[in-house]
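Below, each chain spelled out in residue letters.
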Amino acid sequence: MLQIRCQKCGWSFTLGQTAINQIVEEIQESNPTHYTVNCPKCRHGIKVQTRRVKRAYRPPTTPE
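Calculation notes
Residues numbered from 1 in each chain as written. Predicted model: local features only at pLDDT ≥ 70, side-chain atom pairs only at ≥ 80, totals over all residues. Heavy atoms only, no water. Helix = DSSP H or I, 4+ residues; strand = E, 2+ residues; numbered from the N terminus. Contact = heavy atoms within 4.5 Å. Core = buried A, V, L, I, M, F, W, Y, C linked by side-chain atoms within 4.5 Å. Buried < 20%, exposed > 50% of the residue type's maximum accessible area, 1.4 Å probe, protein only. Pairing = 2+ DSSP bridges.

Mapped onto the elements of the fold, Met 1 is located in the segment before strand S1 (2-5). On a C-alpha basis, the gap between Met 1 and Leu 15 in space is 5.6 Å, while along the polypeptide they are 14 residues apart. Setting aside residues up to four positions removed in sequence, Met 1 forms contacts with Thr 14, Leu 15, Gln 17, Ile 20 and Ala 56.

What follows deals with the side chain of Asn 21. Looking at the secondary structure, you find Asn 21 in helix H1 (residues 17-30). Once residues lying within four places of it in the same chain are set aside, the contact partners of Asn 21 are Tyr 57, Arg 58 and Pro 60.

Below, the discussion takes up the nonpolar core. Of all hydrophobic cores here, the largest spans 15 residues; its most connected members are Leu 2, Ile 4, Leu 15, Ile 20, Ile 46, Val 48 and Val 53. Looking at this core, the elements with two or more residues in it are S1, strand S2 (12-15), H1, strand S4 (45-49) and helix H2 (50-56). It is H1 that contributes the most residues to this core, 4 residues altogether. Not counting chain neighbours up to four residues away, the residues in contact with Ile 46 comprise Ile 4, Arg 5, Cys 6, Gln 7, Phe 13, Tyr 35, Thr 36, Val 37 and Cys 39.

Moving on to the pairing of S2. In S2, alternate side chains face the same way, and those of Phe 13 and Leu 15 are buried while those of Ser 12 and Thr 14 on the opposite face are not. Taken together, the 4 bridges between S1 and S2 define a ladder with antiparallel strand orientation. Bridge pairing in S2 links Ile 4 to Phe 13. Between S1 and the antiparallel strand that follows it, S2, lie 6 residues; Gly 10 among them carries a positive phi value of about 80 degrees.

We now examine the side chain of Thr 50. Secondary-structure assignment places Thr 50 in helix H2. The class for Thr 50 is buried, based on a relative accessible area of 6%. In this structure Thr 50 touches Ile 27, Pro 32, Thr 33, His 34 and Tyr 35, once residues within four positions along its chain are discounted.

See the structure below:
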């Protein structure tokens with residue numbers, strides 16, 4: 001999970017593990033330094049460092 005605060009409205013929200021996994025899949029190919037996440041309250045674009053997203057990444061577990 002990744003805690004993010006919007007700079008425009010001050011709303012604090014959390015990205016869940018599924019959202020983080022999707023972001024990591026998207027950024028693996030292009031290797032950018034930032035990823036834009038929209039605030040769920042005001043829809044303002046928030047730049048999040050990909051280094052921070054990769055730190056919160058947990059590989060999905062496969063049921064055995």
